[in-house]
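Observations on chain architecture
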Amino acid sequence: MNFFITSGTYDFLLKKYNEHTDAKVFIAQNAERTLLMQEAEGETFFEEPRKYEVIDAHGELEQRGFFVFNNIPVTDEGRPVFEYRFKNRARMIEEEPGFISIRVLRPLDSDTYVILTQWEDADAFHNWQDSKAYAKAHEKRGTEEGVDAKKDLFPRASYVTKYSAPDKEQLTNG
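Everything numeric in this text was worked out from a predicted model, so none of it was measured.

**Description of the overall build of the protein chain**
Counting secondary structure elements, the protein chain contains five helices and eight strands. If you list the helices and strands of the protein chain from N to C, you get β-α-β-β-β-β-α-β-β-α-α-β-α. Every one of the 174 residues in the protein chain was classed for burial, and the buried ones make up 46%. By sequence separation, contacts in the protein chain at least 24 residues apart represent 74% of the contacts at least 6 residues apart.

**Details of helix H2 (residues 79–87)**
It helps to recall that an α-helix has 3.6 residues per turn; residues three or four apart then point in one direction. The complete set of buried residues in H2 reads Arg79, Phe82, Glu83 and Phe86. All buried residues of H2 project into a common sector of 95° when viewed along the axis, lining one side. Across H2 from its buried face, at more than 90 degrees, point the exposed residues Pro80 and Tyr84. Looking at the packing, one finds that the buried side of H2 touches strand E4 (50–58), strand E5 (66–73), strand E6 (99–107) and strand E7 (112–119).

**Topic: the environment of Val104**
Assignment of secondary structure puts Val104 in strand E6. Judged by its relative accessible area of 1%, Val104 falls in the buried class. The residues touching Val104, leaving out its near neighbours within four places in the chain, are Glu53, Val54, Ile55, Asp56, Phe86, Val114 and Ile115.

**Comments concerning the pattern of salt bridges**
Under the criterion given, the structure shown has 13 salt bridges. For the salt bridge of Glu19 with Lys16, the shortest nitrogen-to-oxygen distance reads 3.8 Å. Taken together, the positions of Glu19 and Lys16, both in helix H1 (residues 10–19) and three residues apart, correspond to about one turn of that helix. Close ionic contact of Glu120 with Arg64 constitutes a salt bridge, the shortest N to O distance being 2.5 Å. A residue pair is termed long-range when its members are at least 10 positions apart, and Glu120 in the loop between E7 and helix H3 (122–129) and Arg64 in the loop between E4 and E5 qualify at 56 residues. The partly exposed category is assigned to Arg64, whose relative accessible area is 27%. Three or more residues joined by partner-sharing salt bridges are found here, namely Lys24, Glu39, Glu60 and Arg103.

What counts, and where the lines are drawn
- Residues numbered from 1 in each chain as written.
- Predicted model: local features only at pLDDT ≥ 70, side-chain atom pairs only at ≥ 80, totals over all residues.
- Heavy atoms only, no water.
- Helix = DSSP H or I, 4+ residues; strand = E, 2+ residues; numbered from the N terminus.
- Buried < 20%, exposed > 50% of the residue type's maximum accessible area, 1.4 Å probe, protein only.
- Contact = heavy atoms within 4.5 Å.
- Arc of directions from axis to C-beta.
- Salt bridge = Lys/Arg side-chain N within 4 Å of Asp/Glu carboxyl O.

Written as structure tokens, this is what we have:
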């Protein structure tokens, strides 16, 4: 499965969203940016997308809620270690209240992986961050055993971006 992300103005991406109702597309925005995302077996209709391969997934993405992108630059040498970690994760997030879906995205045209999670709302995401399951999933972070201690795997610091999704009624009514 492939995953594509493009950004642009809300009005332009809304037009593209409404022109491609047969595709699995999602629109989300924050104060700085609007994104259009597409999950597809083949190619995309986006002109210049960021391209990813889905290497792990749970749940169905939906046009609603709150999207969190954990953007993690990984060296070529670090890719196997990084992917192994995510393919063998505890999978506790899936049981959290308000969780909708997750996608682990391997970059095809950059070095930055994306761990995309979707939540009912921002509160559900913040509750996950405060949960015992989150603490368990990240218990090795900051220790010698944690993958973050392997400095040769990460060329730059990771960063998180968050977006809210307008619901379908807002999108079709403009």
